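# Chain and residue survey
Each chain, letter by letter, is given below.
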Amino acid sequence: MASGDLLLRAHAGAPVLARAFPSPASLLVLTRRRRGLVSPLTAAKVGVAGRARPGGAAAVQKRRRRDAGESLSFSRVVTRRDAVDEDEEDVEGETLQLGAGTSGGEAGGVDGSYLSDTRFDQCAISPLSLKAVKDAGYERMTEVQEATLPIILHGKDVLAKAKTGTGKTVAFLLPAIEVLSTLPHQRNQLRPPINLLVMCPTRELANQVAVEAKKLLKYHRSLGVQVVIGGTRLTQEQRSMQANPCQILVATPGRLKDHLENTPGFSTRLKGVKVLVLDEADRLLDMGFRRDIEKIIASIPRERQTLLFSATVPEEVRQISHVAMKKDYRFINTVKEGDEETHSQVSQTYMVAPLDLHFSILHDVLKKHVAEDADYKVIIFCTTAMVTKLVAEVLSQLKLNIREIHSRKSQSARTKVSDEFRKSKGLILVSSDVSARGVDYPDVTLVIQVGIPADREQYIHRLGRTGRRGKEGQGLLLLAPWEKYFLGTVKDLSISEAAVPSVDSSVETEVKNAVRKVEMKSKECAYQAWLGYYNSNKTIGRDKSRLAHLAEEFSQSMGLAVPPAIPRNILRKMGLNNVPGLRSS
Ligand SMILES: Nc1ncnc2c1ncn2[C@@H]1O[C@H](COP(=O)(O)OP(=O)(O)OP(=O)(O)O)[C@@H](O)[C@H]1O
């Protein structure tokens, strides 16, 4: 089959697809951009995908983040344009870009525009899956589900981009389960081969994906799902995998690698993988995870189907997607050409103010939001785990209803807070990037990002914790004046400047008192983590003496007259030895 022809031809002949989409509304409207073929039936629905040429030196951001005390590097791995063979580029991954024009209805949203017109019962999915989908309360498919299901059922590798909160999890799980349901399974096999492997960048997300999988597996009684995510002893997960046979495994990369190396028989079970999913694919393929992912991919069969999903797919990720996918993969982009990657129903603002005002501003914004919306549910994203802890402690002192989640918390505490936040209203979750991607907390009313996010993608994913399933939401990015440059990376998004609120002196005193009450240890850890984060930032970390000066501003914002001393070996690791303004201990 000629690449790119998939759906047009499939409609003409392939039985799976013909069965999958019998209704005219669901004849997916495609274009073969390369040859300029546009189906007349669908021209209104589809935009011609403008695939960016690999321009000049493309760069993949490498992130290796460790909070507090360990240096953090954002170095860039350069993929040279001339390293990409032109012809090879041309046959790779055909782009299918779908507009979001045909929706209507309500379904939990303001205008329901994340839903397509196609109902699940119009598709050729098994009765068992259909029953489960109905029980889950899903009637119509979302745009991304409608766009990807037939192609995945056809056996193609898929790289899919769709906005946050638009049902990507079901989009990969449902067809993958359909594929699995056709394989022979023995009901009581203790350690069956793992047929579906889903990789996620965080533990919370892995748990959530497993919950969604269990919903869809409700009537597929011979299929089981397990999670391996770390945070507990390896032996505990080994026992659990033995006690509960599973053909579907949802995992974080580090822990999966641990099992590969240390769990007897595990690598043999992975030889059964038929479908591999990389959820938040761009994150999993960046340098923070790449090695583990490559190792994992080397341990599973080459003959498999691979599905990569994310709300952000930078061009660099497309260029390295061959690490995981076959050359003739399909790139399905449900973000209309010219449309923003963020949701129009989420209002985005930014404020620029000196660091020493940030706690007062946060307090003011939160008080107002809480007063305006009794059902408030806020996430505040901070730069590192230790800064998250500090902000949570300050805001708790101010009698706000605060919960805290980050990588330095025990897994049981993380799970408890995550479950509570999912179910509750009237709560403020202060979080590091462990909640930035994929996590589906319903009805978040406001997302605040304090300090610059790691990159544009992270900004979009964090913001995407609100405005899910077509609902409204608000986003605020709070920056110091020297962080303003970040706005240049998101200038195509509709972010408008908000006025910095004037804080009256009694509130300022209240906030200062709250800051004073926070333990010195928390401030020292936050200072060190803050320094590590900005030191690794390409723009801010370039000038070390300026960095030391800014770090002093941060320590002053915590009410410290003198910046805390940092262990010499840590300064050395950060490459900050003998920088004037930094004290070593
Ligand atoms: N067809 C559907 N109809 C109604 N709701 C759906 C449908 N499919 C998924 N959902 C719900 O939509 C919500 C968002 O789905 P999901 O978390 O998969 O989004 P996502 O696109 O993966 O988001 P992110 O980019 O943040 O990872 C979930 O609560 C899910 O249960």
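Above this text you will find the structure in question.
All of the points below concern the structure found in this document. On a predicted model such as this, the values are computed, not experimentally measured, just so you know. (Residues numbered from 1 in each chain as written. Predicted model: local features only at pLDDT ≥ 70, side-chain atom pairs only at ≥ 80, totals over all residues. Heavy atoms only, no water.)

## Considerations on the sheet that holds strand 20 (residues 473-479)
Selection criterion: Pairing between two strands is assigned when DSSP locates at least 2 bridges connecting them. Secondary structure is summarised from DSSP: a helix means a run of H or I of at least four residues, a strand means a run of E of at least two, and numbering begins at the N terminus for each. Comment: axis = line fitted to C-alpha atoms, over the contacting stretch for helices; angle = value between 0 and 180 degrees taken between N-to-C directions. The criterion used for residue contact is that any of the two residues' heavy atoms lie within 4.5 Å.
Pairing in this open sheet of seven strands is parallel, and the strands run 17-18-16-19-20-15-21 from one edge to the other. Both outer strands of the open sheet, strand 17 (402-405) and strand 21 (495-497), are each paired with one neighbouring strand and no more. Averaged over all adjacent pairs, the angle separating strand axes in this sheet is 20°, with direction ignored. Note that strand 16 (residues 377-381) and strand 18 (residues 427-431) share five bridges and pair parallel. Bridging across to strand 18, Lys377 finds its partner in Leu427. Against the sheet, helix 17 (residues 456-463) contacts strand 15 (346-352), strand 16, strand 19 (446-450), strand 20 and strand 21, and its axis sits at roughly 150° relative to strand 19.

## A few points about the site of the ligand
To keep it simple, the criterion reads: Proximity criterion: a residue is near a molecule or strand once any of its heavy atoms comes within 4 Å of it. Distance and chemistry together define a polar contact, namely a pair of N or O atoms within 3.5 Å, with one atom able to donate a hydrogen and the other to accept it when in protein, and with adjacent residues in sequence counting only for side-chain atoms on both sides. Asp, Glu, Lys and Arg are counted as charged, while Ala, Val, Leu, Ile, Met, Phe, Trp, Tyr, Cys and Pro are counted as nonpolar; the rest, among them Gly, fall into the polar class. What fixes the domain bounds is an automatic or database domain assignment.
Near the ligand lie 21 residues; those nearest to it are Tyr138, Lys168, Thr169, Asp440 and Arg468. At 2.8 Å, a backbone N or O of Gly165 approaches an oxygen atom of the ligand. Residue Glu280 places a side-chain N or O atom 3.2 Å away from an oxygen atom belonging to the ligand. Mapped onto the shell around the ligand, the elements with two or more residues apiece are strand 7 (140-142) and helix 6 (168-181). Its residues assigned to classes, the shell around the ligand comprises four nonpolar, eight polar and nine charged. Mapped onto the domain boundaries, the shell around the ligand takes at least three residues apiece from domain 1 (115-333) and domain 2 (346-501).

## What to know about the pattern of salt bridges
Under the convention used in this document: Any Lys or Arg side-chain nitrogen found within 4 Å of a carboxyl oxygen on Asp or Glu counts as a salt bridge. When accessible area is computed with a 1.4 Å probe and restricted to protein chains, residues below 20% of their type maximum are described as buried, those above 50% as exposed, and intermediate ones as partly exposed.
Inspection of the entire model under this criterion finds 29 salt bridges. Here Glu280 and Arg437 are joined by a salt bridge, their closest N and O atoms 2.9 Å apart. With Glu280 in the loop between strand 12 (275-279) and helix 11 (281-284) and Arg437 in the loop between strand 18 and strand 19, the pair connects residues that are 157 residues apart, well separated along the chain. The exposure class of Arg437 is buried, given its relative accessible area of 4%. Within the structure, one salt-bridge network assembled from shared partners comprises Lys161, Glu341, Arg456 and Asp492.

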